[in-house]
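# Structural overview
Given next are the chains, with one letter for each unit.
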Amino acid sequence: MTADTVFPDTALDEARALIDARRYRPALRLLRGDAIPNGLERLHLLGLAHLGRRDAPAAIACLRRVLADRPDDADRLAVLASAHQTDNAPFPAVRWFERAARVAPDHPAFTTALAGALRRDARYGDALILAREALSAGDHSPDIRYEAAMAAAYLGDDAEALGHFDALLADDPEHAAAWFGSHAQALHHHGVDAALRRLRRATRCGGANGKYWGYLAATLRLLGRSAEADAVEAAEIGDNPKRRPLPDGARALLPRFSSDFRLFGNSGRLLRHVLACADTPGLVLEFGVRRGTSLDHIADAAGQEVHGFDSFEGLPEGWVNSPRGVLTTGSQLPPVRGNARLHVGWFEDSLPPFLAAHPGPVRFVNVDSDIYASARTVLTALADRVRPGTVIVFDEYIGNRSWRDDEYRAFQEFAAENAVRYEYFAASPYTKQVAVRVLGIGI
Ligand SMILES: C[S@@+](CC[C@H](N)C(=O)[O-])C[C@H]1O[C@@H](n2cnc3c(N)ncnc32)[C@H](O)[C@@H]1O
């Protein structure tokens, strides 16, 4: 018998009960006091309580000490993985969930959790393979169907995504996230009205995320259905700071709408469409490659050599609630198509020598590096390569709480400093992407 397996201690039971009841603060107080002797179970419960309080570093410190003694305890491996996920670190989360799934291969919850962690680490292909295997092995739980649907959507396969979402919704018609996720994919298959019906349905599910109202208002606004957008804003958004950013972002696009503006729900579809519209010859560039998902769409659709830039070390500074280094691949480079070249390093170091070796204008740029400073670096360096007809896609232009201070601000400054005339010709509230067509530059 070890100290932690059977410890007939009422204080330990009480701490467990508090954690089960999500009363993490009193649980922590109890666990830190003298009533409970040191031991693995105490450490484990401390880890859970810290995790409940979303103090991921403290949880990780406790849980790792437990695992040092119990390296093959699948439940505890999974809890440690969840702590890394909470810490916005999908990279180690995948590693620990992989170990949990290896130790307990017949435990469907670990497979689902691993698929979710792979998705958060942008390894959509691996997530989809795993989810498909679980589905063919007979796991038809809503969670695994959801993972399959989301991974397929990120990979640009909206038909497969919709199939998984619809199967899930047939079993669980109150699954708000599935109605929400499926509305964006349905846009391409069943049209605008069907997409809006799904989005409205998502808002009516019990426990629906209030932000869905923001998506609805923004989508209606971008569709030109202003009276409906106004009604949703008046009834459901008001000055709610969590719901305002998307409708505000959509409004900001209106004065520069192109006559051929199109709405999208799927990132791959938007990228392929705007590349087809980008007919000014020149360089095709992406800034922010990570696992290569968008570069794959770009390389497939561009019909020419394309260049992807990334440190592969994540963001150079913190952003929103994420620390510096978030989105790292651990310096691993993704496999890319034969016509794609990777340029590894910080943009300020990799871009000048690249531009010196590659003269000529820019046809297409995908700015997917999230933060203001990175977008500013890219746009400043490319200023004298931008021509009428150049297309720039921003991946986080609208919708985040800080949108006015991020890519939007970098582009507004760039446009003002270089007298850029432009229009918006594609956008996706769901993915927060916006495509800009340059009409003229300079006076
Ligand atoms: C959101 S991810 C890119 C996602 C990717 N386009 C996809 O399809 O999954 C952002 C990436 O930008 C990179 N990044 C951000 N700022 C950078 C900078 N200044 N220099 C180099 N890489 C940067 C990060 O390393 C990260 O991989």
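Residues numbered from 1 in each chain as written. Predicted model: local features only at pLDDT ≥ 70, side-chain atom pairs only at ≥ 80, totals over all residues. Heavy atoms only, no water.

## Details of the pattern of salt bridges
- Tallied over the entire structure, the rule returns 32 salt bridges.
- As a salt-bridge pair, Arg272 and Asp300 come within 2.8 Å of each other at their nearest N and O atoms. A residue pair is termed long-range when its members are at least 10 positions apart, and Arg272 in helix H16 (residues 267–277) and Asp300 in helix H17 (residues 293–302) qualify at 28 residues.
- What makes Arg272 partly exposed here is its relative accessible area of 30%.
- Here Glu417 ties to Arg376 by a salt bridge, and the two come within 3.1 Å at their closest N and O atoms. With a gap of 41 residues between them, Glu417 in helix H20 (residues 407–417) and Arg376 in helix H19 (residues 372–382) connect regions that are remote in the sequence.
- Taken together, the shared-partner salt bridges connect Arg221, Asp230, Glu233, Arg244, Asp248, Arg251 and Arg404 into one network. (Salt bridge = Lys/Arg side-chain N within 4 Å of Asp/Glu carboxyl O. Helix = DSSP H or I, 4+ residues; strand = E, 2+ residues; numbered from the N terminus. Buried < 20%, exposed > 50% of the residue type's maximum accessible area, 1.4 Å probe, protein only.)

## What about empty space enclosed by the protein?
- The tally for this structure, following the rule as stated, stands at two cavities of 30 Å³ or more.
- Approximately 70 Å³ is the volume attributed to the largest cavity.
- What lines the largest cavity is a set of 13 residues, and nearest its centre among them are His183, Leu187, Ala195, Thr219 and Leu263.
- Counting only elements with at least two residues in the lining of the largest cavity, the list comes to helix H11 (176–190) and helix H12 (192–204).
- Per-class residue counts for the lining of the largest cavity are ten nonpolar, three polar and no charged.
- Residue assignment places the lining of the largest cavity across two domains, with domain 2 (170–253) and domain 3 (257–441) each supplying three or more. (1 Å grid on protein atoms, 1.4 Å probe; cavity = no way out; pocket = protein on both sides within 12 Å on 5 of 7 lines; lining within 4 Å. Points joined across faces, edges and corners; volume = space filled by probe spheres on them. Nonpolar A, V, L, I, M, F, W, Y, C, P; charged D, E, K, R; others polar. Domains from an automatic or database assignment.)

## Looking at helix H7 (residues 108–120)
- In a regular helix each residue adds 1.5 Å, so 13 residues correspond to 18 Å; H7 covers 18 Å between its end C-alpha atoms and thus fits that length.
- For H7, the complete set of buried residues consists of Phe110, Thr111, Thr112, Leu114, Ala115, Gly116, Ala117, Leu118 and Arg119.
- Each element contacted by the buried residues of H7 is listed here: helix H5 (74–86), helix H6 (90–103), helix H8 (124–136) and helix H9 (142–154).
- Among the residues trailing H7, Ala122 stands out with phi positive, at a value near 65°. (Expected span 1.5 Å × (residues − 1). Contact = heavy atoms within 4.5 Å.)

## A few points about H20
- For H20, the full list of buried residues reads Glu407, Tyr408, Ala410, Phe411, Phe414 and Ala415. Considered in projection along H20, the buried side chains sweep an arc of 165° and stay on one side of the axis. Exposed residues pointing more than 90 degrees away from the buried face of H20 are listed as Ala416 and Glu417.
- Packing partners of the buried residues in H20 comprise helix H15 (245–253), strand S5 (362–367), H19, strand S6 (391–394), strand S7 (420–428) and strand S8 (433–441).
- Downstream of H20 by one or two residues, Ala419 has phi in the positive range, about 50°. (Arc of directions from axis to C-beta.)

## Re the site of the ligand
- In the region of the ligand, 21 residues are neighbours, and Gly288, Ser294, Asp310, Asp368 and Ser374 sit closest.
- At a separation of 2.8 Å, a nitrogen atom of the ligand approaches a polar side-chain atom of Ser294.
- At 3.1 Å, a backbone N or O of Gly314 approaches an oxygen atom of the ligand.
- Computed on the free molecule, the ligand has an accessible area of 600 Å², of which 94% lies beneath the protein chains in the complex.
- Split into classes, the residues belonging to the shell around the ligand amount to seven nonpolar, eight polar and six charged. (Near = heavy atom within 4 Å. Polar contact = N/O pair within 3.5 Å; in protein donor to acceptor, adjacent residues only side chain to side chain. Areas by Shrake-Rupley, 256 points an atom, 1.4 Å probe, with all protein chains shown as cover.)

## What about the confidence of the model for the chain?
- Counting all residues, the mean pLDDT for the chain is 95, and 98% of those residues have values of 70 or more.
- Low confidence marks residues 1–8, where pLDDT is under 50. Its contacts with residues over four positions away, or in another chain, come to nine contacts. (pLDDT = per-residue confidence, 0-100.)

## Description of unusual backbone geometry
- With a phi close to 50°, Val320 is a non-glycine residue in the positive phi region.
- For Val320, the position within the fold is in the loop between strand S3 (306–310) and strand S4 (340–344).
- According to the relative accessible area criterion, Val320 is exposed, its value standing at 55%.
- Positioned with a positive phi, Lys432 is a non-glycine residue whose angle comes to about 70°.

## Looking at the sheet that holds strand S1 (residues 257–263)
- A sheet is described by the order of its strands in space; here eight strands give the open sequence S1-S7-S8-S6-S5-S2-S3-S4, paired in mixed fashion. Of all strands in the sheet, those with a lone pairing partner are S1 and S4, marking the two edges. Between one strand and the next, the sheet's axes are offset by a mean angle of 20°, whatever the strand orientation.
- Where S1 and S7 come together, three bridges link them in parallel fashion. Within S7, the position partnered with Leu263 by the bridge is Ala427. (Pairing = 2+ DSSP bridges. Axes fitted to C-alpha atoms, helices over the stretch in contact; angles between N-to-C directions.)

## Overview of the layout of surface pockets
- By volume, the second largest pocket is sized at about 320 Å³.
- As for the second largest pocket, its lining consists of 18 residues, and the residues nearest its centre are Ala122, Arg291, Gly292, Thr293 and Pro335.
- At the level of elements, H8 and H17 are the ones that each hand at least two residues to the lining of the second largest pocket.
- Considering each element in turn, the lining of the second largest pocket owes the most residues, four residues, to H17.
- For the lining of the second largest pocket, a count of residues per class yields eight nonpolar, five polar and five charged.

## Quick notes on the nonpolar core
- Of all hydrophobic cores here, the largest spans 69 residues; its most connected members are Leu285, Phe287, Leu382, Ile392, Tyr397 and Phe411.
- For this core, the element with the highest residue contribution is helix H13 (residues 211–222), accounting for eight residues.
- If we skip the residues at most four places from it in the chain, Leu285 touches His307, Phe309, Phe354, Val362, Phe364, Val365, Asn366 and Leu382.
- If you look at the next biggest cluster of nonpolar residues, it comprises 35 residues, including Leu63, Ala104, Ala127 and Ala148. (Core = buried A, V, L, I, M, F, W, Y, C linked by side-chain atoms within 4.5 Å.)

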